[in-house]
Amino acid sequence: DAGITQSPRHKVTETGTPVTLRCHQTENHRYMYWYRQDPGHGLRLIHYSYGVKDTDKGEVSDGYSVSRSKTEDFLLTLESATSSQTSVYFCAIRGSSGGVSTDTQYFGPGTRLTVL
Amino acid sequence: GQQLNQSPQSMFIQEGEDVSMNCTSSSIFNTWLWYKQDPGEGPVLLIALYKAGELTSNGRLTAQFGITRKDSFLNISASIPSDVGIYFCAGQSLGAGGTSYGKLTFGQGTILTVHP
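Predicted model only: the values in this text are computed from it and were never measured.

Reading guide: rules and limits
- Residues numbered from 1 in each chain as written.
- Chains lettered and ligands numbered in written order.
- Predicted model: local features only at pLDDT ≥ 70, side-chain atom pairs only at ≥ 80, totals over all residues.
- Heavy atoms only, no water.
- Phe/Tyr/Trp six-rings, centres within 6.5 Å; stacked < 30°, edge-to-face > 60°.
- Helix = DSSP H or I, 4+ residues; strand = E, 2+ residues; numbered from the N terminus.
- Buried < 20%, exposed > 50% of the residue type's maximum accessible area, 1.4 Å probe, protein only.
- Lys NZ or Arg CZ within 6 Å of the ring centre and 35° of its normal.
- Contact = heavy atoms within 4.5 Å.
- Polar contact = N/O pair within 3.5 Å; in protein donor to acceptor, adjacent residues only side chain to side chain.

## Here's the deal with the packing of aromatic side chains
Inference 1: Here the structure, examined in full by the defined rule, presents 14 aromatic pairs over all chains.
Inference 2: Summarising the aromatic geometry, the rings of Tyr48(A) and Tyr101(B) are spaced 5.7 Å apart at their centres and angled 40 degrees between planes, so their arrangement reads as tilted. Of this pair, Tyr48(A) sits in strand S5 (residues 42–51) while Tyr101(B) sits in the loop between strand S9 (85–92) and strand S10 (105–106), placing the two residues on different chains.
Inference 3: Judged by relative accessible area, which is 27%, Tyr101(B) ranks as partly exposed.
Inference 4: Residues Phe107(A) and Tyr35(B) carry aromatic rings whose centres are separated by 5.4 Å and whose planes lie at 90 degrees to one another, so their mutual orientation is edge-to-face. You can see Phe107(A) sitting in strand S10 (residues 100–107) and its partner Tyr35(B) sitting in strand S4 (residues 31–37), one on each of two chains. Pair check on accessibility: Phe107(A) and Tyr35(B) agree, each one buried.
Inference 5: Members of the aromatic cluster, each reached through a chain of ring pairs, are Tyr33(A), Tyr35(A), Tyr48(A), Tyr50(A), Phe90(A), Phe107(A), Tyr35(B), Phe88(B), Tyr101(B) and Phe106(B).
Inference 6: We note Arg94(A) situated over the ring of Tyr31(A); from NZ or CZ to the ring centre the distance is 4.6 Å.

Put into structure tokens, the structure is as follows:
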């Protein structure tokens, strides 16, 4: 258990509304990631963070923004949700061993978002 | 961007049979990871590979890091019903300056069904 929680776990919203998803970790990991999962595409990186206030874009960042004001929380915001953003969203942290980051990632339980 | 081709897309096997799946890439990776995802949950790490040619086992699972660094293989021996799920490969390459921030590229997934 990597100590990752996501909220909400399910959300239904309407096109054009803002939506914020939260990822919370309890183990002080430096690196955090947001992915979306769609059939036939596997998981695709949206944004990632390598420290407080340090974030960068991933492969599919258009329409999304992120913020990390403290180590334990990484927020993903859809400023104006569209139907193409209906997906399952996963947060992940980069593993560590003996205080050193490793190349493994551990995932949260996911948030299922439906945009009508 | 980088792409991983994972095959097969789906497999239907009888309990007790062995399973093989693989991922190939047009570019080199320095780390290969294999994950399993159960319905409604996040991916769970099965095996991590860090060195070309490396062969690593985890119970009935065996994975190999291809010698060209462009492919990886996962084998499951003597399958059981709880092996059902989606299996993902993921690769990490070093970016400019030798750093990657841990970003992963995922394959599309292999859906495994095991008939008792």
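Further notes follow.
## Thoughts on the environment of Asp18(B)
Residues and elements named next belong to chain B.
Inference 1: Of note, Asp 18 is situated in the loop between strand S2 (10–14) and strand S3 (19–25).
Inference 2: Taking the C-alpha atoms as reference points, Asp 18 and Ile 76, 58 residues apart in sequence, are found 5.6 Å from one another.
Inference 3: Leave out the neighbours within four places in its chain, and Asp 18 touches Ile 76, Ser 77 and Ala 78.
Inference 4: From its side chain, Asp 18 meets the backbone nitrogen of Ala 78 in a polar contact 2.8 Å long.

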